[in-house]
Amino acid sequence: MNGVMVPADEAGVVEAVRQAVADHAPLAVEGNGTKRGMLRPVQAARGLSTSGLRGITLYKPAEMVLAARAGTPIPEIEAALAEHGQMLIGEPPDFSALFGTSLPATLGGIVATNLTGPRRIASSGAVRDQVLGVRAVTGHAELVRSGGRVHKDVTGLDLRKLLAGSHGTLGVLTEITLKVLPRPGGALTLAVAVETLEQAVAALSAGLGSPFGVSGAAVLPDGEPALGLHGPTALLRLEDVAEFLPHRSAALRGVLAGFGGVTLLEGEASGMLWRAVRDARLLLGGTAGTEEAVWRLSVRPKAGPGVAAALRAAFQARLLLDWGGGLVWVAGPATAAAHEAVVWAAQAAGGTFTLFRAPDSLRASVAVLPEEPAPLAAIGARVKAAMDPGGVLNPGRMRAGG
Amino acid sequence: MIELPAPDRSVLARREEILAALRTLLPPGARGEGVIGDPIRLKPYETDGLSAYRQPPLAVVLPETTEQVAAVLRYCHANRIRIVPRGAGTSLSGGALPLEDGVVIGMMRMNRILEVDYADRLAVVQAGVTNIGITQAVAADGFFYAPDPSSQLACMIGGNVMMNSGGAHCLKYGVTANNLLGLTFVTIEGEVIQLGGGHLDAAGYDWLGLITGSEGQLGIVTEVTVRILRAAEGARAMLGAFRSNEVAGQVVDAIIASGIIPVALEFMDRPAIHACEAFANAGYPLDAEAMLIIEVEGNLEEQDFLLGQLKEICARFDPISLRVAETAEESLAIWKGRKGAFGAVGRISPDYLCMDGTIPTGELPHVLRRMGEMSEAYGLKVANIFHAGDGNLHPLIMFDANDPVSFGKAEAFGADILKLCVEVGGCLTGEHGVGVEKRDLMPVQFLPHELAQQRRIKSAFDPLWLLNPAKVFPLEGNPAFAPQAVA
């Protein structure tokens, strides 16, 4: 790759894409490149980074709306929100430990990958649900807008959703407007000591099916000895008005009592734990190396334990479950055989998978996402051509030849 | 007056042959004929919730299975016949307005609930199940389906998906897209595709997100997997009456700034208060210029705590009156007028147009003032009832449909309001969809190349533009036909 272009404004992004189309020279599109190790390696002549597009362009706390240029680092946005007692709803993960990088993720990168943290399980939805508007440069070298800065907008086809999670293959996000929310006054965690993953997920389902507002529901298959949690542990988080928490916590404890002993974690102990779940750091178990592969499966919560068992039977698997048991993080050997086991387990459970991290040799040689049925793959190819006819945006990032 | 495309004469000429072919695909069954061709029986399908526009279709088909939908689409695709999908026909934007040469696919017979799973908090339902039908199926166990459009007694989940419908409670629970896990989707070629299922988020492109709100442009949805949520322990409302729209707008700002997110935050202006009070006798303050209905959730102590804080906030703005419901019955009384609002306006005006733009909430006072000026200039009354927390306006423009001049003025007034919404940073439609009603206003919100990009996505799914054509996109640049004026 011959260098990375870092345009300072949208016009620069348009020009970079125009030049790439003219030269038939594909671009590796990224923000700070913190998730470069995700999915497949991109085969590109040049890099195009949005890290030069920085800054918050609109923030109206009373309207719960914030807009920022794509390259704005997430911590910068979180700091601005904190000054007004607000937060990003989607709890964007920080995968620097997972990928062995040091820069912070950018807003554009989080939206382009649609990566949502533990709060995904609550009714607030995924990052893509909180995207009110985007500005993006398509492969036609045109700046297009979808949505805007208001909370409800169903005008026209929803290109916001198409672009969110498209990993830079359909357009280069240049600016994003998000819904934000007031930060809850308090948060705490109930940790339930269980014997099996099935019991853990049943405990999470009981909590999520209660009226007490559970906003995080994860399973640590081997506990977290540093916090005094030994053996399989179900974690349930409550976030709400601080004055409500004592009652809610007691009521939720009642719901969970039949599943095992309950430990209360408050303050920084609770906050730290959920950041570690969010960033999948609990999966890494102290090993900072990136030789191991990491997969992320999403299945129905009830299917989570079965998937975990299938993976454990197939290889030396380390596991972390989030989203009520439906999000299964797994670390294991970076082999085609282990990958096959993941593909099979996701398919058997009617769910989906992502090869999240692997050495280039593996991620270049296997399907890192599930294959789509032929009619959908045909539509996908036509949509890609409709957005990026020259195929210059992140070729090969999601699928070989696409 | 809206232009509809010239019908394809060759399709009209083959009407009997097409009906016969459709009847072989959907033979009469226990629930009656699967194909309607009799002009008298087509009459009920000639319009939807936007009843100012009428056009009987070529035929109506009433499939009972996904396979039948696929067979009809396969046949229509092979024979180049246009399709208009229809749920309950409650669209306020003319989304289900038929075409003279088009086949309406009515989804009302696909009304079965296929699965409810409380552990995974989901329900799998056919597209013709009503919105309220989902909540009714799970309410006894303490669960509900969150999006609640005003038409929820009648509207169907398939239509909700196609419009990405909202409702009064999306401030807290989000719109339809937030509450979906999967779709069974039939392409124009008749291929059946399962998107998503019981799990969260797609690993590839977000087809589910793109299809939600696509107004029947991309394909037909036959089954939907929705998230169901455990209902809060209780809910209670309060009512605040204020001396001007500006002040009520400031109260909305102050509430959000306080960190309290009410589960609903509804705004009514003076004409709406008067219309609703005359209809429902809800005890609304007739001396107020603007009124807010604010609802919170939780157990009784939590409700008291939040309502107490909200009362303090309202008190800072010199309210005319504040009324906090002490019981669930008093709460219902506060909602009674609001829930009957459309009927109430229907009593004082022979007809009304319900607009649906969204604005930044900070622009509320400015937009309401401008709307008042327009109302005087057009000589037409307007009542405002809307979801204040998210800025989604619902101005009801009152007119007389028997008077063409009055109707023309109402349409022009509505267009001016929507242009104003875009001008202040908002959009043409927050939850009703573009349909046929706002189709020609699309260039107000989008630049030509942005519309061209959306058209290319449409073409990727429906290269021949057979699916609900003449909706959403202006006719100029629509590859399917040259326009022709229809009254």
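The structure presented is a predicted model; accordingly, all values stated were derived computationally and were not measured.

Visitor: Is there a simple way to think about the overall build of chain A in this case?
Guide: Secondary structure assignment for chain A yields 14 helices and 19 strands. Compactness check: chain A gives a C-alpha radius of gyration of 21 Å against a globular reference of 21 Å for 402 residues, within 12% of the reference. Seen through its principal axes, chain A has C-alpha atoms that stretch 65 × 50 × 40 Å. In chain A, which comprises 402 residues, the proportion classed as buried is 59%. At a minimum sequence separation of 6, the contacts of chain A that also span at least 24 residues come to 72%.

Visitor: Can you help me understand the interface of chain A and chain B in this one?
Guide: Note on interface size: it is often stated as the accessible area lost on association of the parts. In this complex, chain A contributes 76 residues to the contact, which on the side of chain B involves 89 residues. Taken together, both faces of the contact between chain A and chain B bury some 6,700 Å²; the carbon and sulfur share is 58%. Taken as a group, K152, V154 and L157 of chain A account for 13% of the area that chain A buries against chain B, more than any other trio of residues on that side. Here chain A is connected to chain B by 11 salt bridges. Remark: the boundary between chain A and chain B carries 35 residue pairs in polar contact (both at pLDDT 80 or more). Mapped onto the side of chain A that touches chain B, the elements with two or more residues apiece are α5 (127-130), β8 (143-147), α6 (159-163), β9 (171-182), α7 (197-208), α8 (245-256), β19 (352-357) and α14 (374-387) of chain A. When residues of the side of chain A that touches chain B are assigned to their parent elements, the largest contribution, nine residues, is made by α14 of chain A.

Visitor: When you look at the UniProt feature "domain: FAD-binding PCMH-type" (unreviewed entry) in chain B in this model, what are you seeing that I'm missing?
Guide: When the UniProt feature table is mapped onto this chain, "domain: FAD-binding PCMH-type" (unreviewed entry) is found at residues 53-231 of chain B. From the first C-alpha to the last, residues 53-231 of chain B spans 39 Å; its make-up is 21% helix and 26% strand.

Visitor: Whenever I open this one, the packing of aromatic side chains confuses me. Can you help?
Guide: Working definition: an aromatic ring pair is given by the centre-to-centre distance plus the angle between the planes. Taken as a whole, this structure holds 18 aromatic pairs over all chains when the rule is applied. Three or more aromatic residues link up through ring pairs in this structure, and these residues are F95, F99, W329 and F356 of chain A.

Visitor: What is the right way to read the sheet that holds strand β5 (residues 102-106) of chain B from this model?
Guide: Backbone-to-backbone hydrogen bonds pair the strands of a sheet. The strands run either parallel or antiparallel. Residue and element names in this part refer to chain B. Across the sheet, four strands lie side by side as β2-β3-β5-β4; this open sheet has mixed pairing. In the strand order of this sheet, the two ends are held by β2 (35-36) and β4 (82-86), each with one partner. Taken together, the two bridges between β2 and strand β3 (residues 59-61) define a ladder with antiparallel strand orientation. Residue pairing across strands places V35 opposite V61, the latter belonging to β3. Helix α4 (residues 66-78) rests against β3, β4 and β5 of the sheet, and its axis sits at about 170 degrees to β5.

Visitor: I would appreciate a short explanation of the packing of helix α11 (residues 304-314) of chain A against helix α12 (residues 336-348) of chain A in the present structure.
Guide: Geometry of a packed helix pair, given as the angle between the helix axes and the separation of the axes. Residue and element names in this part refer to chain A. Where α11 contacts α12, the two axes come as close as 10 Å, and the packing angle between them is 160 degrees. Our classification of the angle between α11 and α12 gives roughly antiparallel. For the element pair α11 and α12, the recorded crossing hand is right-handed. Of the residues in α12, those in contact with V307, A310, L311 and A314 of α11 are A341, V342 and A345. The class makeup of the residues in the contact of α11 with α12 is seven nonpolar, no polar and no charged.

Visitor: Could you clarify how one ought to interpret the domain arrangement of chain A in this entry?
Guide: Residues and elements named next belong to chain A. Entries for chain A in the domain assignment read domain 1 (49-182), domain 2 (186-278) and domain 3 (281-363). In this structure, domain 2 and domain 3 have C-alpha centres spaced 23 Å apart. Counting residues at the interface gives 17 residues for domain 2 and 14 residues for domain 3. When the two sides are added together, the surface that domain 2 and domain 3 hide from each other amounts to roughly 1,300 Å², 62% of it contributed by carbon and sulfur. Of all residues in domain 2, L197, V201 and A276 bury the most surface against domain 3, accounting for 35% of the area lost on that side. Looking at the side of domain 2 that touches domain 3, the elements with two or more residues in it are α7, β11 (214-220) and α9 (267-278). Residues belonging to the side of domain 2 that touches domain 3 are distributed by class as follows: 13 nonpolar, no polar and four charged.

Visitor: Even after reading the chapter, I still don't get the side chain of R227 of chain B, so can you show me in this structure?
Guide: Note that R227 of chain B resides in strand β11 (residues 220-227). As a buried residue without a salt bridge, R227 of chain B has its nearest oppositely charged side chain in D129 of chain A, at a separation of 6.7 Å. From its side chain, R227 of chain B meets the backbone oxygen of A122 of chain A in a polar contact 3.3 Å long. Leave out the neighbours within four places in its chain, and R227 of chain B touches R120, I121, A122 and S123 of chain A together with R121, L122, Y145, N178, N179, L181 and L200 of chain B.

Visitor: I would appreciate a short explanation of the sheet that holds strand β17 (residues 351-354) of chain B in the present structure.
Guide: All names here are of chain B. Read across the sheet, seven strands follow the order β16-β13-β15-β14-β18-β19-β17 without closing on themselves; strand pairing throughout is antiparallel. The open sheet has two edge strands, β16 (321-324) and β17, and neither has a second partner. Across the sheet, the axes of successive neighbouring strands diverge by a mean angle of 15 degrees, strand direction being ignored. Pairing geometry for strand β13 (residues 235-242) and β16, over four bridges, is antiparallel. Residue pairing in the sheet places G240 in a bridge with L322 of β16.

Visitor: What is the right way to look at the packing of α7 of chain A against α11 of chain A in this model?
Guide: Residue and element names in this part refer to chain A. Put simply, α7 and α11 touch, their axes get as near as 9 Å, and they point 155 degrees apart. In terms of axis orientation, α7 runs roughly antiparallel to α11. Relative to α11, α7 is oriented so that their crossing is right-handed. Touching L197, E198 and V201 of α7 are P305, A308 and R312, all from α11. Of the residues that constitute the contact of α7 with α11, the class distribution is four nonpolar, no polar and two charged.

Rules used in this analysis
- Residues numbered from 1 in each chain as written.
- Chains lettered and ligands numbered in written order.
- Predicted model: local features only at pLDDT ≥ 70, side-chain atom pairs only at ≥ 80, totals over all residues.
- Heavy atoms only, no water.
- Helix = DSSP H or I, 4+ residues; strand = E, 2+ residues; numbered from the N terminus.
- Rg over C-alpha atoms; globule rule 2.2 N^0.38 Å.
- Buried < 20%, exposed > 50% of the residue type's maximum accessible area, 1.4 Å probe, protein only.
- Contact = heavy atoms within 4.5 Å.
- Buried area = accessible area lost by both parts, 1.4 Å probe.
- Salt bridge = Lys/Arg side-chain N within 4 Å of Asp/Glu carboxyl O.
- Polar contact = N/O pair within 3.5 Å; in protein donor to acceptor, adjacent residues only side chain to side chain.
- UniProt positions renumbered as here; feature names shortened; annotations may be inferred.
- Phe/Tyr/Trp six-rings, centres within 6.5 Å; stacked < 30°, edge-to-face > 60°.
- Pairing = 2+ DSSP bridges.
- Axes fitted to C-alpha atoms, helices over the stretch in contact; angles between N-to-C directions.
- Parallel < 35°, antiparallel > 145°, perpendicular 65-115°, else oblique.
- Left-handed = near helix turned anticlockwise from the far one by under 90°.
- Nonpolar A, V, L, I, M, F, W, Y, C, P; charged D, E, K, R; others polar.
- Domains from an automatic or database assignment.
- Lys, Arg positive; Asp, Glu negative; His and termini not counted.

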